[in-house]
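Okay, here's what each chain looks like letter by letter:
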Number of protein chains: 2
Amino acid sequence: MEKVNLADKFALFSEQWKPKIVGELNGQHVKLAKLQGDFVWHHHDNEDELFLVIEGQLDIEMKDGTISLSEGEFFIVPRGVEHRPVTRAEAHVLMLEPTTTLNTGNIQGERTVEEPDWL
Amino acid sequence: MEKVNLADKFALFSEQWKPKIVGELNGQHVKLAKLQGDFVWHHHDNEDELFLVIEGQLDIEMKDGTISLSEGEFFIVPRGVEHRPVTRAEAHVLMLEPTTTLNTGNIQGERTVEEPDWL
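Here is what the cut-offs are and how they apply
- Each chain has its residues counted from 1, following the order in which its sequence is written.
- Whichever chain is written first becomes A and whichever ligand is written first becomes 1, with later ones labelled in order.
- Restriction of local features to residues with pLDDT of at least 70 applies here, the model being predicted, together with a cutoff of 80 or more for giving and counting side-chain atom pairs; totals for whole chains, interfaces and linings are based on all residues.
- Strands are runs of DSSP state E lasting at least two residues, helices are runs of H or I lasting at least four, and both sets are numbered from the N terminus onward.
- Note that the radius of gyration is over C-alpha atoms, with the globule rule given as 2.2 Å times the number of residues to the power 0.38.
- We call two residues in contact whenever the C-beta atoms placed from their backbones are within 7 Å.
- Our superposition of the copies is a least-squares fit, built on the C-alpha atoms of residues whose pLDDT is at least 70 in both.
- Whether two strands pair comes down to DSSP finding at least two bridges between them.
- By definition, a nonpolar core groups buried Ala, Val, Leu, Ile, Met, Phe, Trp, Tyr and Cys residues that connect through C-beta atoms lying within 7 Å of each other.
- Labels follow a simple rule on C-beta atoms placed from the backbone: if 20 or more others lie within 10 Å of a residue's own, it is buried; if 12 or fewer, it is exposed; otherwise it is partly exposed.

1. Comments concerning the overall build of chain A
(1) Moving on: When helices and strands are tallied, chain A shows one helix and eight strands.
(2) Moving on: Listed by position from the N terminus, the elements making up chain A come as β-α-β-β-β-β-β-β-β.
(3) Moving on: For a compact globule of 119 residues, the expected C-alpha radius of gyration is about 14 Å, and chain A comes in at 13 Å, within 12% of that figure.
(4) Moving on: Over its C-alpha atoms, taken along the principal directions, chain A stretches across nearly 40 × 30 × 25 Å.
(5) Moving on: Considering only contacts within chain A whose residues lie at least 6 apart along the sequence, 66% involve residues at least 24 apart.

2. Re the relation of the copies chain B and chain A
(1) Moving on: With an RMSD of 0.0 Å, chain B superimposes on chain A once it is rotated by 180° and translated 0.0 Å along the axis. Classification of the inter-copy transformation places it as that of a two-fold axis.
(2) Moving on: Same-surface contact between copies: 100% of interface residues of chain B are shared with the interface of chain A.

3. Observations concerning the interface of chain B and chain A
(1) Moving on: In this assembly, 21 residues from chain B lie in contact with 21 residues from chain A.
(2) Moving on: If you list the elements that add at least two residues to the side of chain B that touches chain A, you get strand 1 (4–5), helix 1 (6–10), strand 2 (20–25), strand 6 (65–69), strand 7 (73–77) and strand 8 (83–98) of chain B.
(3) Moving on: Per-element accounting of the side of chain B that touches chain A gives the leading share, four residues, to strand 7 of chain B.
(4) Moving on: Of the strand pairs in this sheet, strand 7 (residues 73–77) of chain A and strand 1 of chain B are connected by two bridges, and their pairing is antiparallel. Bridged to Phe-74 of chain A within strand 1 of chain B is Val-4 of chain B.

4. Let's talk about the pairing of strand 8 (residues 83–98) of chain A
Note on strand geometry: in a regular strand, side chains alternate between the two faces of the sheet.
All names here are of chain A.
(1) Moving on: Pairing geometry for strand 3 (residues 28–38) and strand 8, over 10 bridges, is antiparallel. Bridging from a neighbouring strand, Leu-35 pairs with Ala-91 of strand 8.
(2) Moving on: Of the strand pairs in this sheet, strand 4 (residues 49–55) and strand 8 are connected by five bridges, and their pairing is antiparallel. Counterpart to Val-53 in the pairing with strand 8 is Val-93.
(3) Moving on: Both strand 5 (residues 58–62) and strand 8 contribute to a ladder of four bridges, which runs antiparallel. Pairing of Glu-61 across the sheet is with Arg-84, part of strand 8.

5. Notes on the environment of Arg-88 of chain B
(1) Moving on: Note on placement: Arg-88 of chain B falls in strand 8.
(2) Moving on: Sequence separation between Arg-88 of chain B and Asp-59 of chain B is 29 residues, and the spatial gap between their C-alpha atoms is 9.0 Å.

6. Some details on the nonpolar core
(1) Moving on: In this structure, Phe-51 and Val-93 of chain A together with Phe-51 and Val-93 of chain B are the most contacted members of the largest nonpolar core, which totals 48 residues.
(2) Moving on: Those residues in contact with Phe-51 of chain A, other than ones at most four positions away along the chain, are Leu-58, Ile-60, Leu-69, Phe-74, Phe-75, Val-93 and Met-95 of chain A.

7. Quick look at the pairing of strand 5 (residues 58–62) of chain B
All names here are of chain B.
(1) Moving on: Bridge analysis of strand 5 against strand 6 gives five bridges, and the strand direction is antiparallel. Considered in strand 6, the bridge of Met-62 is made with Gly-65.
(2) Moving on: Between strand 5 and strand 6, which pair antiparallel one after the other, the connecting turn spans two residues.

8. Let's talk about the environment of Met-62 of chain B
Residue and element names in this part refer to chain B.
(1) Moving on: Topologically, Met-62 is positioned in strand 5.
(2) Moving on: Accessibility expressed as a C-beta count within 10 Å gives 18 for Met-62, which makes it partly exposed.
(3) Moving on: Taking the C-alpha atoms as reference, Met-62 lies 19 Å from Thr-101; in sequence the two are 39 residues apart.
(4) Moving on: Those residues within four positions of Met-62 in sequence are excluded, and the remaining contacts are Val-81, Glu-82 and His-83.

9. A few points about the environment of Pro-78 of chain A
(1) Moving on: On the secondary structure map, Pro-78 of chain A appears in the loop between strand 7 and strand 8.
(2) Moving on: Looking at Pro-78 of chain A, the number of C-beta atoms within 10 Å reads 15, which means it is partly exposed.

10. Remarks on unusual backbone geometry
(1) Moving on: Positioned with a positive phi, Trp-17 of chain A is a non-glycine residue whose angle comes to about 65°.
(2) Moving on: Counting through the fold element by element, Trp-17 of chain A comes out in the loop between helix 1 (6–10) and strand 2 (20–25).
(3) Moving on: Backbone geometry places Asn-26 of chain B, a non-glycine residue, at a positive phi of 50°.
(4) Moving on: Among the structural elements, Asn-26 of chain B can be located in the loop between strand 2 and strand 3 (28–38).
(5) Moving on: A residue is classified by how many C-beta atoms lie within 10 Å of it, and Asn-26 of chain B, with 21 of them, is buried.

Encoded structure:
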C-alpha cells in the first residue's frame, strides 16, 4: 500500500516502447511508457486502452483519423480498433488496460513485450 | 471517439464531492472530482479505487495510516479497506473505479451520488 509518484517512476527507466507496470486494480494494469517514433499498427480484440499524456505529445493514428494528445489529455482506444501510437519527440504516457493486454495486440513481433516489468 | 482534456473538463463544474464521468473502458469509469474538506469514512466491498491528484493535495486516511498525495501522485485503495479522503484546500482528482462504484461505498447518505453525470 504505497503511493506512486509518476515523475519518480519515469526517472527509473529510459527504454522506449517498453511499458512498465506501476499499479493494478480491478483486473487492470496502470502502466508507464516512454514513446518516440512510430509503433506498429495493431488492435486489441478484447481490451479498451487508455492513453494519458503526462509529458510531451502523442498522436494516436487510426484508419479514419488521428487523435493528437498533449499533456493532460487522454484518449480511449476501443477494443477492435486498429491504431498506431506515433510521436516526434519522446512522450511520457500513462496507460490503463486489462492485465491481459499485450502491447502489440494482435501483432507478435520484435516490439512485443511478453511480460512487462513492475516498477 | 473524442479525446478528453482534463483542464477543460474541470472548468465545466464547480460542485465539490460530485464525481463526473469522463470516460469508460473495460467496465471502469474515469471520473473527475473537486474535493475539499472531509468526506465520510467508507469502503467498497468489491471495487479497488484509484485516486490521481491533478491539482492540489489529497490525504487518504485509513485506519492504520494516511497517504498524502500531491500533484502527479496516485494511490489505489484496495477493496474492503476503510478510507476517508480529506483535503484542506480544493483538490482536483482523477478517479478510476468500476462502473458499479458508489462514491460513499457501504455508507448511504446525503453525500451519496446515485448516478454521476457524464461530462
